[in-house]
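# Commentary on secondary and tertiary structure
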Amino acid sequence: MAPTSPSSSVEKAKQSLGQRLREIRKDAGLTGRALAHLAGWHESKCSRLEHGTATPTDADLRTWATHCGVPEQAEDLIAVARGIEGMYVEWRRLERSGLKRVQESVLPLWERTERFRIYSSWLIPGPLQTADYIRSLLEAARSRRNLPDDVEEAVQVRLEKQTVLQEGNHRFAVLLEESVLRYRLGSVSTMVGQLGHLLWAGALPSVSLGIIPQDADRSQLRPVEGFFIFDDVQASVELVSAHLTITQPHEIRMYEQTFALLAQQAVYGAPARLLITQAINALE
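Residues numbered from 1 in each chain as written. Predicted model: local features only at pLDDT ≥ 70, side-chain atom pairs only at ≥ 80, totals over all residues. Heavy atoms only, no water.

## Brief notes about the overall build of the chain
- Each helix and strand counted, the chain has 14 helices and seven strands in total.
- Taking the principal axes of the C-alpha coordinates as reference, the chain spans close to 75 × 45 × 35 Å.
- Relative to its full complement of 284 residues, the chain shows a buried share of 48%.
- Partitioning the intrachain contacts of the chain with sequence separation of at least 6 by distance along the chain shows that 76% fall at a separation of at least 24.
- Accessible surface, the chain as shown: approximately 14100 Å² in total, 50% of it carbon and sulfur.
- In the chain, the 32 positive side-chain charges and the 35 negative ones have mean positions that sit 4 Å from each other. (Helix = DSSP H or I, 4+ residues; strand = E, 2+ residues; numbered from the N terminus. Buried < 20%, exposed > 50% of the residue type's maximum accessible area, 1.4 Å probe, protein only. Contact = heavy atoms within 4.5 Å. Areas by Shrake-Rupley, 256 points an atom, 1.4 Å probe, with all protein chains shown as cover. Lys, Arg positive; Asp, Glu negative; His and termini not counted. Charge placed at Lys NZ, Arg CZ, Asp CG, Glu CD.)

## Here's the deal with the pairing of strand S4 (residues 207–212)
- The buried fraction of S4 is high, at five of six residues.
- Sheet analysis places strand S3 (residues 171–177) next to S4, joined by six bridges and oriented parallel. Of the residues in S4, the one forming a bridge with Leu 175 is Gly 210. (Pairing = 2+ DSSP bridges.)

## Some remarks on the side chain of Arg 117
- Note on placement: Arg 117 falls in strand S2 (residues 115–120).
- Here the side chain of Arg 117 touches Asp 231 through a polar contact of 2.9 Å, landing on its backbone oxygen.
- Discounting chain neighbours no more than four positions away, the residues touching Arg 117 are Ala 173, Phe 227, Phe 228, Ile 229, Asp 231, Asp 232, Glu 256 and Phe 259. (Polar contact = N/O pair within 3.5 Å; in protein donor to acceptor, adjacent residues only side chain to side chain.)

## Focus on the nonpolar core
- Grouped together as the largest cluster of nonpolar side chains are 32 residues, with contacts concentrated most on Phe 172, Leu 176, Leu 181, Leu 195, Leu 198 and Leu 209.
- The element best represented in this core is helix H14 (residues 269–283), accounting for five residues.
- Once you skip the residues sitting within four places of it in the chain, Leu 195 turns out to touch Leu 181, Ile 276, Ala 279, Ile 280 and Leu 283. (Core = buried A, V, L, I, M, F, W, Y, C linked by side-chain atoms within 4.5 Å.)

## Here's the deal with the packing of aromatic side chains
- All told, the structure shown has seven aromatic pairs when counted by the stated rule.
- Judged by centre distance (6.2 Å) and plane angle (35 degrees), the rings of Trp 41 and Trp 64 are tilted. One end of the pair, Trp 41, is in the loop between helix H2 (32–39) and helix H3 (44–50); the other, Trp 64, is in helix H4 (residues 58–67), with 23 residues separating them in the sequence.
- Judged by relative accessible area, Trp 41 falls into the buried class, the value being 16%.
- Ring centres 4.3 Å apart and planes at 10 degrees place the aromatic pair Phe 116 and Phe 172 in the stacked group. Of this pair, Phe 116 sits in strand S2 while Phe 172 sits in strand S3, and the two are 56 residues apart along the sequence. Here Phe 116 matches Phe 172 in class, with each residue buried.
- Site record: aromatic cluster; members linked through ring pairs are Trp 110, Phe 116, Phe 172, Phe 228 and Phe 230.
- Positioned above the aromatic ring of Trp 41 is the side chain of Lys 45, whose terminal nitrogen or guanidinium carbon lies 4.5 Å from the ring centre.
- Taking the ring centre of Trp 110 as reference, the NZ or CZ of Lys 161 above it sits at 4.4 Å. (Phe/Tyr/Trp six-rings, centres within 6.5 Å; stacked < 30°, edge-to-face > 60°. Lys NZ or Arg CZ within 6 Å of the ring centre and 35° of its normal.)

Listed below in structure tokens is the structure:
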């Protein structure tokens, strides 16, 4: 089963919070109209919050908890709501402090994750990138989004993050579409160097590298959006406009199931190395 559309993750999280608010209200023996009256709100506000069509403020959640007789639940509700807000973050907001800050922001997650599952349908993923390849990607992002020029600093941070490949108890299962090997990002020499580096990285004890051939039968599962799964607690998806963080357990399971299906379509070892070598030869 392929994952649902990325934006649905946020909507489902909002609906889940709304369901929790509804249960708290009902446990207090209040109707939506009565709660709205106590809070001094328009009577439709309770309905909108419970259906996830309105975003509650911290004050809204404190008011809700107080009038429902459970003020001790307010801070937990606020934490859940802030987590939902952080699930879908526009690139312009995430990158307003520069590309280096974006790279640094995920360091704690990378360091505590033991099992990485990564699928990419259009580029070599971050842990396996060379400096030149990273530079090509970040220069393009900087230019496209009119960001501060801290590309070189960001390149160094991303390279430093790659120490997890050879240090600590980290394991990487990486799946790439064969087309990724053919998409040219940067100069020919950049791509040749990147593909050569991929051969090296794929031989590391911590890395399992699978390539899904272009002639594979995709009737069971077509290519999907690229994603990272960090242990079994979080999935991340990069969209055109934003970065999506998925923490709902049932949605993480969908990505895990999708990864397992994609893994069945991939080749490994010598067949995978042959596909990479053929892509290098085509460039040279």
